[in-house]
Amino acid sequence: MDSTANVSGDVLTLRNITSHSSHAQRNESASINGVNYQVNENGEPPDAPQPSQTYQCLLVFAGFMMTFHVIGINSIYGLFQEFYTSSDTNIVGAQGQDALVSLVGTIGSGLTWSGSVFVNPMIRRFDNVKLISLVGAFVMSLGLFSASFCTQLWQLYITQGLLYGIGSSMYYFPIMSLTPAYFDRNRGAAMGIVLAGSGVGGLVLSPVFHTLLTRLGIQWALRILGIWNFLLGIPISSVLTKKHGAAANVAGRTRVSMAMIKRGTFILQSLGALLQAAGNMVPVYFLTTYSVAVLSYSSSTGSLLLAVNTAVNSAARIGMGILADRVGRQNTMVLSVLFSGVAVFALWYDSDRTRFLAFVVFYGILAGGYNALLPTTITEVYGVQNYSSVNAFIYFIRGLGALFGAPVAGLILGSHQRSARFAGDTIANMSMLKNRYNEVAIFDGVLLLAAGVCVAYVRWLDARDKGGWSWKA
């Protein structure tokens, strides 16, 4: 999900920042996933400390485990959606209410990213980032644990939505800001390892949570997930040191200049980010429910398909980064967004089992391109001197986009029985449900194609502003 972590894109971003820094002014600002820090003309934070290799390894491992369960939990919300809207749900009035239930997950995942607007200033103001991360892990875990006692949807909005989202953002950004400051030549590789945890998390947590859910029930599955999350968060947060040297230059500025806002490329980039985030969330949230309700797969098979999609998406981000170096990053991103929309229409719309399995794989491959390459294209289009503010703002916009995509898709589905086997007229209800999912696929495909058009127009405007067309960009 986007919901997901941008492995190869962040690696390319870090390299791009380093390669352009010699042409920029001293003490420019750079950013990783919306978190800003200062760099000198060598692309390094001033007065950077020289940590031991042992500490560097600990920091990378801590970051890997952090993305493993923050992004991993975000990416498996489809399993929660399947349960909460099923006939076995413990939430009053949630059965068949995909719009209302998906809003819980989009609040949580959306706040993970858009929460940067309040977490970044906290990182700038307080020296002890360990405390910020630890509080975040506690609040995130409290949201999951408290959700186990919920019986009403509004209670889930507060616990698994707001508490979880605010906590995950506080937990996520401190370690993402500190890690790059302690690496020089191996900075890109270090961040690549950290962000690889997101794909591994989805791959592992999907079958594990499904097993907990089927054997222990939703209440104990949530409690175990919350307790495990906090117990793991304690040593991870403890790895963070009090800010000093390079880490002391972490900043939280997210303001974009009015001159930048008025640029056509910025407006279209923001609109494309909003639409892509909204469209990207729909297959992730409804993949499991579609496989169970329409294709009559078992819930365990549905969770396996979600794990496969997450794993393919994570690997594809690295592959898209390699391809982008050869044919151009903007070119690769444009094609990946457009073809992800094509995949929805060609493989998800009115799909049978064979086409849906193809969709799970191909959408996982294509959807990874935008997430991987957005940060690097921001640097190319707006320049390294504007990267910090633009990247942070785009992450905020993507968080907003994640909030409305899946709930609107749920409104299109409307209230319905989760599976045709619960209906009186099996054939009629199955046909009606499949038609509704076809409408969801159309909605999702339009969002992604519109995002692709926006990204393609940004590509054209950027070439015009730079004085001429280049086939590799």
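Residues numbered from 1 in each chain as written. Predicted model: local features only at pLDDT ≥ 70, side-chain atom pairs only at ≥ 80, totals over all residues. Heavy atoms only, no water.

Each helix and strand counted, the chain has 16 helices and three strands in total. Accessible area for the chain stands at about 17,200 Å²; split by element, carbon and sulfur atoms hold 64% of it. (Helix = DSSP H or I, 4+ residues; strand = E, 2+ residues; numbered from the N terminus. Areas by Shrake-Rupley, 256 points an atom, 1.4 Å probe, with all protein chains shown as cover.)

The next point concerns the confidence of the model for the chain. Scored by pLDDT, the chain comes out at a mean of 79, with 79% of its residues at no less than 70. Throughout residues 1-49 the model reports pLDDT below 50, and contacts reaching past four residues in sequence, or to other chains, amount to 170 contacts. Confidence drops under pLDDT 50 across residues 249-253; counting only partners more than four residues distant or on other chains, this segment forms 23 contacts. (pLDDT = per-residue confidence, 0-100. Contact = heavy atoms within 4.5 Å.)

A full pass over the atoms with the stated rule returns one salt bridge. Of the charged contacts in the structure, one is a salt bridge between Asp350 and Lys434, with a shortest N-O distance of 3.8 Å. Residue Asp350 is found in the loop between helix H13 (329-348) and helix H14 (353-382), and its partner Lys434 is found in helix H16 (residues 426-465); the two are separated by 84 residues along the sequence. Under the relative-accessibility criterion, Lys434 is labelled partly exposed at 22%. (Salt bridge = Lys/Arg side-chain N within 4 Å of Asp/Glu carboxyl O. Buried < 20%, exposed > 50% of the residue type's maximum accessible area, 1.4 Å probe, protein only.)

What follows concerns the packing of aromatic side chains. Tallied over the entire structure, the rule returns 18 aromatic pairs. Aromatic side chains Tyr77 and Phe80 sit 5.7 Å apart centroid to centroid with 25 degrees between the ring planes, which places their arrangement in the stacked category. Residue Tyr77 and its partner Phe80 are located together in helix H3 (residues 77-84), separated by three residues, close to a single helical turn. Each member of the aromatic cluster is reached from another via a ring pair, and the members are Tyr77, Phe80, Phe83, Tyr84, Phe209 and Tyr285. Between the NZ or CZ atom of Arg223 and the centre of the ring of Phe149, over which it lies, the distance is 4.5 Å. Against the face of Trp220 rests Arg223, its NZ or CZ located 4.9 Å from the ring centre. (Phe/Tyr/Trp six-rings, centres within 6.5 Å; stacked < 30°, edge-to-face > 60°. Lys NZ or Arg CZ within 6 Å of the ring centre and 35° of its normal.)

A few words now on a nonpolar patch on the surface. Among the surface-exposed residues, Leu304, Val308, Val361, Phe362 and Ile365 lie close enough to one another that they form a single nonpolar patch of about 390 Å² accessible area. Put simply, the parts of the chain that give the nonpolar patch at least two residues each are helix H12 (299-327) and H14. With three residues, the single largest contributor to the nonpolar patch is H14. (Patch = residues over 30% accessible without salt bridge, like charges linked within 9 Å, V, L, I, M, F, W, Y side chains within 5 Å.)

A word on the packing of helix H6 (residues 129-147) against helix H9 (residues 218-239). At a minimum axis distance of 7 Å, the contact between H6 and H9 shows a crossing angle of 175 degrees. If you check the angle between H6 and H9, you find them roughly antiparallel. Of the residues in H9, those in contact with Lys130, Ser133, Leu134, Ala137, Phe138, Met140, Ser141, Leu144, Phe145 and Ala147 of H6 are Leu222, Arg223, Leu225, Gly226, Ile227, Asn229, Phe230, Gly233, Ile234, Ser237 and Ser238. Classifying every residue of the contact of H6 with H9 by side-chain character gives twelve nonpolar, seven polar and two charged. (Axes fitted to C-alpha atoms, helices over the stretch in contact; angles between N-to-C directions. Parallel < 35°, antiparallel > 145°, perpendicular 65-115°, else oblique. Nonpolar A, V, L, I, M, F, W, Y, C, P; charged D, E, K, R; others polar.)

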